[in-house]
Amino acid sequence: MGRRRRIRHHVNPLSVHHMDTGASRLSLPPGLPVEVELGCAEGSFLFARAHVAPERTYVGVEIREALVERVNLRAAQESVPVQAVYANLNLDLETLFAPGSVDLCHVNFPDPCFKRSQHKRRFFTLDLAGTIAQVLTPDGVLAVQTDIWDLGLEALEILELSDEFENLCGEWTFAPTNVFGAQTRREGFCLENGEKVWRLRFAKVRSTQRLNLY
Ligand SMILES: C[S@@+](CC[C@H](N)C(=O)[O-])C[C@H]1O[C@@H](n2cnc3c(N)ncnc32)[C@H](O)[C@@H]1O
């Protein structure tokens, strides 16, 4: 009987091992909206989304290879349009996705290591927001959720100050509800325990809109 691969709780995305993941451009079925989760872990959110909205393609980007294998095995067993790819989301997004090709990008409960000493490991940064804007379609949307207030506030500040995104819920405002009909395991756990989830929904600003600002 095959042994299950040990799954590490955390990996260091800055380690040399994850600097060259060998990521290449994904070939995605044409004509279907593309929905991506950055840091998808075991993919529970993507599987739940595929259940709610099956006429889409779902891609999870994940740095823990054992989880990538697990997601792809489950997707094949359940015949759902979900795939995971081993990649470093801070380095590989533009390699994986053509410019303007992603309709909806989710960042769910990123960075559990929020101690000051681990700030440099954080994955939701201004650079990442810029790269997400590149790969989103002109009508693309970025959704972020976290149960950590400091991270929610930091992501809100990054996106409000970026001229590439516009808050769909009003300036400097968190989204009141989850509109996606799917939860991650962490979200379920937080809600069961009465903890607050901070949500953001930003649309990509079309370049013509940006020009109108001046
Ligand atoms: C706290 S977990 C959240 C998992 C899932 N999104 C959820 O809400 O349940 C963050 C995930 O991001 C992955 N991750 C962290 N840094 C990454 C990076 N640079 N590239 C790809 N995945 C990364 C971790 O391995 C982990 O699975």
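For the structure, see preceding data.
Attention in this report is confined to the structure presented alongside it.

Rules used in this analysis
- Residues numbered from 1 in each chain as written.
- Predicted model: local features only at pLDDT ≥ 70, side-chain atom pairs only at ≥ 80, totals over all residues.
- Pairing = 2+ DSSP bridges.
- Helix = DSSP H or I, 4+ residues; strand = E, 2+ residues; numbered from the N terminus.
- Axes fitted to C-alpha atoms, helices over the stretch in contact; angles between N-to-C directions.
- Contact = placed C-beta atoms within 7 Å.
- Core = buried A, V, L, I, M, F, W, Y, C linked by C-beta atoms within 7 Å.
- Buried ≥ 20, exposed ≤ 12 C-beta atoms within 10 Å, placed from the backbone.

Some thoughts on the sheet that holds strand β6 (residues 165-167)
Then step 1. Read from one edge of the open sheet, seven strands run β3-β2-β1-β4-β5-β7-β6, paired in mixed fashion. Looking along the sheet, the strands with just one partner apiece sit at the ends: β3 (82-86) and β6. Across the sheet, the mean angle separating the axes of adjacent strands is 25° when strand polarity is ignored.
Then step 2. Pairing between strand β2 (residues 57-62) and β3: five bridges, direction parallel. Among the inter-strand pairings, tyrosine 58 is bridged to a residue of β3, identified as valine 82.
Then step 3. In the packing of helix α5 (residues 149-161) onto the sheet, contacts are made with β5 (136-146), β6 and β7 (198-204), and the angle to β7 comes to roughly 15°.

Quick look at the nonpolar core
Then step 1. Residues Val61, Cys105 and Leu142 are the most contacted members of the largest nonpolar core, which totals 43 residues.
Then step 2. Apart from residues lying up to four places away in sequence, valine 61 is in contact with Val36, Leu38, Gly39, Cys40, Val85, Ala87, Leu89 and Leu96.

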